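Breakdown of the fold
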Amino acid sequence: MAIERTLSILKPDALQKGVIGKIVDRFETKGLKPVAMKMKQLTTDEAGGFYAVHRERPFFKDLVSFMTSGPVLLMVLEGENAVAANREIMGATNPKDAAPGTIRKDFAESIDANTVHGSDSLDNAKIEISYHFAATELVAYDWAKK
């Protein structure tokens, strides 16, 4: 069993809609356990730094503006093949292309307000987790006690 950790961010639109519990339940039901969570209002510098890889893309300013428009819920999810599992649970970036039953299909309104962020690789997950969480904020989950 390849136990991994990945970053998930419930974006401002998810919090505005009041669907935090419904989304976290989907992760837990599929075997991903939150090992760290915090609600935060991102600053422009924090959002810009986090999404720096997109700095030259035409949507960058709108993305930063959206991510700072309200609080977000930052989570570290742990589980078997967590990166791929999280991406499957989230669905395609554009909710119009997302499979039925995915978070984005069920809760997102547009490609811009798409409810949730998830790391796209194990290497990026490590970088993204450390961007938002200190190692001391992560708890250990005892997988033997499922």
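Residues numbered from 1 in each chain as written. Predicted model: local features only at pLDDT ≥ 70, side-chain atom pairs only at ≥ 80, totals over all residues. Heavy atoms only, no water.

Counting secondary structure elements, the protein contains seven helices and four strands. Shown N-terminal to C-terminal, the secondary structure of the protein runs as helices and strands in the order β-α-α-β-α-α-β-α-α-β-α. Taking 146 residues into account, the globule formula puts the C-alpha radius of gyration at 15 Å, and the protein, at 14 Å, falls close to it. With the C-alpha coordinates of the protein rotated into their principal frame, the extents come out at 45 × 35 × 25 Å. (Helix = DSSP H or I, 4+ residues; strand = E, 2+ residues; numbered from the N terminus. Rg over C-alpha atoms; globule rule 2.2 N^0.38 Å.)

The next subject is the UniProt feature "active site" (unreviewed entry) in the protein. In this numbering, the UniProt entry assigns the feature "active site" (unreviewed entry) to H117. Examined against the element boundaries, H117 turns out to sit in strand 4 (residues 116-118). The class for H117 is buried, based on a relative accessible area of 11%. Not counting the four nearest positions on each side in its chain, H117 is found in contact with L7, S8, I9, K11, F50, Y51, M90, R104 and E128. (UniProt positions renumbered as here; feature names shortened; annotations may be inferred. Buried < 20%, exposed > 50% of the residue type's maximum accessible area, 1.4 Å probe, protein only. Contact = heavy atoms within 4.5 Å.)

On to the packing of aromatic side chains, then. Scanning the entire structure with this criterion turns up two aromatic pairs. Summarising the aromatic geometry, the rings of F50 and Y51 are spaced 4.8 Å apart at their centres and angled 90° between planes, so their arrangement reads as edge-to-face. With a centroid separation of 5.6 Å and an interplanar angle of 55°, the aromatic rings of F50 and Y131 are classed as tilted. With F50 in helix 3 (residues 44-50) and Y131 in helix 7 (residues 122-132), this pair connects stretches of sequence that are 81 residues apart. Judged by relative accessible area, which is 11%, F50 ranks as buried. Three or more aromatic residues joined by ring pairs form one cluster here, namely F50, Y51 and Y131. A cation over an aromatic ring shows up here: K38 above the ring of F133, its NZ or CZ 4.8 Å from the ring centre. (Phe/Tyr/Trp six-rings, centres within 6.5 Å; stacked < 30°, edge-to-face > 60°. Lys NZ or Arg CZ within 6 Å of the ring centre and 35° of its normal.)

Turning our eyes to something else, we now look at the sheet that holds strand 1 (residues 3-10). With antiparallel pairing, four strands are arranged side by side in an open sheet as 2-3-1-4. Either end of the sheet is taken by a strand with one partner, and the two such strands are strand 2 (33-40) and strand 4. On average, each strand axis in the sheet is inclined to that of its neighbour by 20°, with strand direction left out of account. In this structure, strand 1 lies alongside strand 3 (residues 72-80), joined through eight bridges in antiparallel fashion. Along strand 3, the bridge assignment pairs T6 with L77. In the packing of helix 2 (residues 20-29) onto the sheet, contacts are made with strand 1, strand 2, strand 3 and strand 4, and the angle to strand 2 comes to roughly 160°. (Pairing = 2+ DSSP bridges. Axes fitted to C-alpha atoms, helices over the stretch in contact; angles between N-to-C directions.)

With that out of the way, let us pick up the pattern of salt bridges. Using the criterion set out here, one finds five salt bridges in the structure. Between K17 and E109 there is a salt bridge whose closest N-O contact spans 3.5 Å. Here K17 is found in helix 1 (residues 12-17), whereas its partner E109 is found in the loop between helix 6 (103-107) and strand 4, with 92 residues between them in sequence. (Salt bridge = Lys/Arg side-chain N within 4 Å of Asp/Glu carboxyl O.)

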